[in-house]
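Residue-level listing of the chains:
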Amino acid sequence: MLFNSIHFIFFFPIVIIIYFLIPHRYRWIFLLSASYYFYLCFKLEYGFLIAGSTLSSYTTAILISNSKNEIRRKAYLFGNLILNLGILFFFKYFNFTISSASLILDNFNIAHQFPTLKWILPIGISFYTFQVVSYTVDVYWETLKPEKHLGIFALYVSFFPQLVAGPIERASRLIPQFRIAQKYDYNRLKSGLLLMLWGFFQKLVIADRLGIMVDEVFNNVEKYEGLPLILASFGFGFQMYCDFAGYTDIAIGAALVMGFKLMKNFDRPFSAKNISEFWRRWHISLSSWANDYIYRPIAINRRSWGHWGVVYSISATFLFLGIWHGAKMAFILFGAFMGLAFYFEILTKNIRKKLSKKIPDVIYNNLSVVLTFCFFIFTSIFFRGNTTLDVFRIIGKMFTNIELKWYELGVSKFELFSVFIFIIVLEGVHYFQRKHKLREWLASKPFFIRWSVYIVLVFIILNFGEFGEKQFIYFDF
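Residues numbered from 1 in each chain as written. Predicted model: local features only at pLDDT ≥ 70, side-chain atom pairs only at ≥ 80, totals over all residues. Heavy atoms only, no water.

### Examining helix 16 (residues 361-384)
What counts here: The helix count covers DSSP runs of H or I at least four residues long, the strand count covers runs of E at least two residues long, and both are numbered beginning at the N terminus. Working rule for helices: expected span equals 1.5 Å times residues minus one. Residue burial is assigned from relative accessible area. The probe radius is 1.4 Å, only protein chains are included, and a residue is buried under 20% of its type maximum, exposed over 50%, and partly exposed in between. Any two residues whose heavy atoms approach within 4.5 Å at even a single point are treated as in contact.
Here helix 16 spans 35 Å end to end across 24 residues, near enough to the 34 Å set by a 1.5 Å rise per residue. Turning to helix 16, its buried residues number three or more, namely Tyr 364, Ser 368, Thr 372, Phe 373, Phe 376, Ile 377, Thr 379, Ser 380, Ile 381, Phe 382, Phe 383 and Arg 384. Along its buried surface, helix 16 packs onto helix 9 (186-218), helix 10 (227-258), helix 11 (275-281), helix 14 (329-347), helix 15 (349-358) and helix 17 (388-397).

### Looking at the packing of helix 16 against helix 17
Test applied: Orientation is described by lines fitted to C-alpha atoms, with helices fitted over the stretch in contact, and by angles between N-to-C directions that extend from 0 to 180 degrees. Should the near helix be turned counterclockwise from the far one by less than a right angle, the crossing is left-handed, whereas a clockwise turn marks it as right-handed. In this classification, Asp, Glu, Lys and Arg are treated as charged, Ala, Val, Leu, Ile, Met, Phe, Trp, Tyr, Cys and Pro as nonpolar, and every other residue, Gly included, as polar.
The geometry of helix 16 relative to helix 17 is characterised by a closest axis approach of 8 Å and an angle of 145° between their N-to-C directions. Seen from above, helix 16 lies across helix 17 with right-handed handedness. Each of Phe 378, Ile 381 and Phe 382 in helix 16 lies in contact with helix 17, whose residues at this interface are Val 391, Ile 394 and Ile 395. Its residues assigned to classes, the contact of helix 16 with helix 17 shows 6 nonpolar, no polar and no charged.

### Notes on unusual backbone geometry
The phi dihedral of Glu 142 falls on the positive side, at around 65°, and the residue is not glycine. Relative to the elements of secondary structure, Glu 142 occurs in the loop between helix 6 (125-140) and helix 7 (150-158). The class of Glu 142 is exposed, set by a relative accessible area of 63%. Even without a glycine there, the phi angle at His 283 is positive, about 45°.

### Quick look at a positive patch on the surface
For clarity, the threshold we go by: A patch consists of residues whose relative accessible area exceeds 30% and which take part in no salt bridge; residues with like charges are grouped when within 9 Å of each other, and nonpolar side chains (Val, Leu, Ile, Met, Phe, Trp, Tyr) when within 5 Å. Areas reported here follow the Shrake-Rupley algorithm with a probe of radius 1.4 Å; residue values treat only the protein chains shown as occluding. Salt bridge, as used here, is a side-chain nitrogen of Lys or Arg placed within 4 Å of a carboxyl oxygen of Asp or Glu. None of His or the chain ends enter the tally, which takes Lys and Arg as positive and Asp and Glu as negative. To locate a charge, take NZ of a lysine, CZ of an arginine, CG of an aspartate or CD of a glutamate.
A cluster of basic residues, Lys 349, Lys 353, Lys 354, Lys 357 and Lys 358, forms a positive patch on the protein surface. Mapped onto the secondary structure, Lys 354 falls in helix 15.

### A few points about the packing of aromatic side chains
The following threshold applies: Stacked, tilted and edge-to-face pairs are distinguished by plane angle, under 30 degrees for stacked and over 60 for edge-to-face with tilted covering the rest, among Phe, Tyr and Trp rings (Trp via its six-membered ring) whose centres lie within 6.5 Å. Any Lys NZ or Arg CZ that is within 6 Å of a ring centre and within 35 degrees of that ring's normal is treated as a charge sitting over the ring.
What the rule picks out here adds up to 67 aromatic pairs. Considering the side-chain rings of Phe 90 and Phe 91, the 5.8 Å spacing of their centres and the 90° angle between planes classify their relative orientation as edge-to-face. Its relative accessible area of 35% is what places Phe 90 among the partly exposed residues. Accessibility expressed as a relative area gives 22% for Phe 91, which makes it partly exposed. Ring centres of Phe 153 and Tyr 156 lie 5.9 Å apart, and the angle between their planes is 40°; this geometry places the pair in the tilted category. With Phe 153 and Tyr 156 both in helix 7 and 3 residues apart, this pair spans about one turn of that helix. A relative accessible area of 0% means that Phe 153 is categorised as buried. Take Tyr 156: its relative accessible area is 0%, and that puts it in the buried class. In this arrangement the basic side chain of Arg 27 is found over the ring face of Tyr 19, its NZ or CZ atom lying 4.5 Å from the centre. Here Lys 203 stacks its cationic end above the ring of Phe 472, 4.4 Å away from the centre of that ring.

### Thoughts on the packing of helix 9 against helix 10
As a reminder of what qualifies: Should an angle fall under 35 degrees it is called roughly parallel, over 145 degrees roughly antiparallel, and 65 to 115 degrees roughly perpendicular, with every other angle called oblique.
In the contact formed by helix 9 and helix 10, the axes pass within 6 Å of each other and the chain directions differ by 155°. With respect to helix 10, the axis of helix 9 lies roughly antiparallel. Note on packing geometry: the crossing formed by helix 9 with helix 10 is left-handed. Taken together, the residues of the contact of helix 9 with helix 10 sort by class into 28 nonpolar, 10 polar and 5 charged.

### As for the environment of Glu 222
With respect to the helices and strands, the residue Glu 222 is situated in the loop between helix 9 and helix 10. By relative accessible area, which is 56% here, Glu 222 ends up exposed. Considering only alpha carbons, one finds Glu 222 and Glu 147, 75 residues apart in sequence, at a separation of 55 Å.

### Structural notes on the environment of Ile 381
The residue Ile 381 is located in helix 16 in this model. Taking the C-alpha atoms as reference, Ile 381 lies 8.9 Å from Phe 334; in sequence the two are 47 residues apart.

### Thoughts on the domain arrangement of the protein
The test is simple: These domain boundaries are the output of an automatic or database domain assignment. Throughout, buried area stands for the accessible area (probe radius 1.4 Å) lost by two parts on being put together, summed over both. Distance and chemistry together define a polar contact, namely a pair of N or O atoms within 3.5 Å, with one atom able to donate a hydrogen and the other to accept it when in protein, and with adjacent residues in sequence counting only for side-chain atoms on both sides.
Here the protein is described as being made up of domain 1 (6-183) and domain 2 (187-476). For domain 1 versus domain 2, the distance between C-alpha centres works out to 26 Å. When domain 1 packs against domain 2, the two sides together hide about 3300 Å² of surface, and 68% of this comes from carbon and sulfur. Sorting the residues of domain 1 by area buried against domain 2 places Phe 130, Pro 167 and Arg 170 first, and these three jointly supply 17% of that buried surface. Linking domain 1 with domain 2 are 1 salt bridge. Linking Asp 292 and Arg 170 is a salt bridge whose minimum nitrogen-to-oxygen distance equals 3.1 Å. One can count 15 residue pairs in polar contact (both at pLDDT 80 or more) joining domain 1 with domain 2. When contributions to the side of domain 1 that touches domain 2 are tallied by element, the ones reaching two or more residues are helix 1 (6-21), helix 6 and helix 8 (171-174). No other element matches the 7 residues that helix 6 contributes to the side of domain 1 that touches domain 2.

### Here's the deal with the nonpolar core
Our working definition: Residues belong to a common nonpolar core when they are buried Ala, Val, Leu, Ile, Met, Phe, Trp, Tyr or Cys residues joined through side-chain atoms within 4.5 Å.
In terms of nonpolar packing, the biggest core is built from 140 residues, with Phe 159, Trp 282 and Tyr 474 touching the most fellow members. Sort the elements by how many residues they give to this core and helix 10 lands first, with 18 residues. Built from parts of two domains, this core gets at least three residues from each of domain 1 (6-183) and domain 2 (187-476). When residues no more than four places from it in sequence are discounted, the contact partners of Trp 282 are Met 240, Tyr 241, Asn 265, Phe 266, Pro 269, Phe 270, Ser 287, Phe 376 and Tyr 474.

In structure tokens, the structure reads:
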């Protein structure tokens, strides 16, 4: 079930009404049922996968906690990791691995015949797999006690607001919230709905409208050169952000209506001054997960390597981040570029520090933001290119024959201009949020001002939104 669907418009109010009407002791049953219904609306078979992952991780955590034998504890942990990550690999990377092996063998003229399997990647499998992995690892590290209530744990894995595209929640943060008897709160309800409204604005008005132009250009790379490729690349950067940040805001807002607080997943990433800061602001739940469960364990085990241990840890982490996004060589290259940029920051730290003292702060900081943003746009091409060959075609043709004339880009001039205005509004909100919390600030204003803002936002969504029920981009990751 998509957030931007008629189905969800009816589903969500019904869930909220029933949730607050029934006694607290039954709410976990209702939310678990609603979450599985939400997920099974995508495909019935997905339910078996998430149920299997839930049961295996629940059992594994208890076995690890009850065992005093370190060898057995490790065996339980690695067995569960192999099972869950193996399922993820099977659905997400099997065909990519087979085709890569086939290509290598073809180059050496070695006869072979590998099977390829046809299926659709189960939506959300990357996200809930990482949640159960972090849970079992935390239990093994003894930083978390295992959850004994199977229903509560199953709800943690399948909680519908953040099930299919995050944020990737930690058990220590989310599970205790399910035990709190939440009462209806008007201000919380209003705050959650307003956040959802802002999420729909980002998704329907900016992301999906930009998507028309982006699809036209990226799906017909051979037709375009110069300015259209530059516009489409910048367009996709904003599309990807508004699509994913929009989903996150809807998810956080939906959970907040019921009284649950999900972690912040974006924090004005386009104002980052360098790549390390960018990753502290972009997809925070994934980057913090990678830091805790990939980078730190590797870095600790490679401390004796000195400088090369840092290089190895950074490379492995960003390679992981690239591969996590999908089974394409372009994603691996994306991870490699991000890793190189991160390492470049380390190498040039002292040089940049000296340079910052010679240049006025306003110029240095703004130039850093612009360069970081442009690098993000460059790497986003690797996300959107249909093939690795298309990616390099786009890069090679971006700065050839740049003419200031109107091109047929799938959208009218008015639509393109409107999106540009709404992007300015978006960035204006981001600038305002540097010093203020927008929802709290708005709540302090008179009734007329508040409701004028709400009505204008609804009007913009209804009149400028793209209501094609387009799937969220990160559903594919």
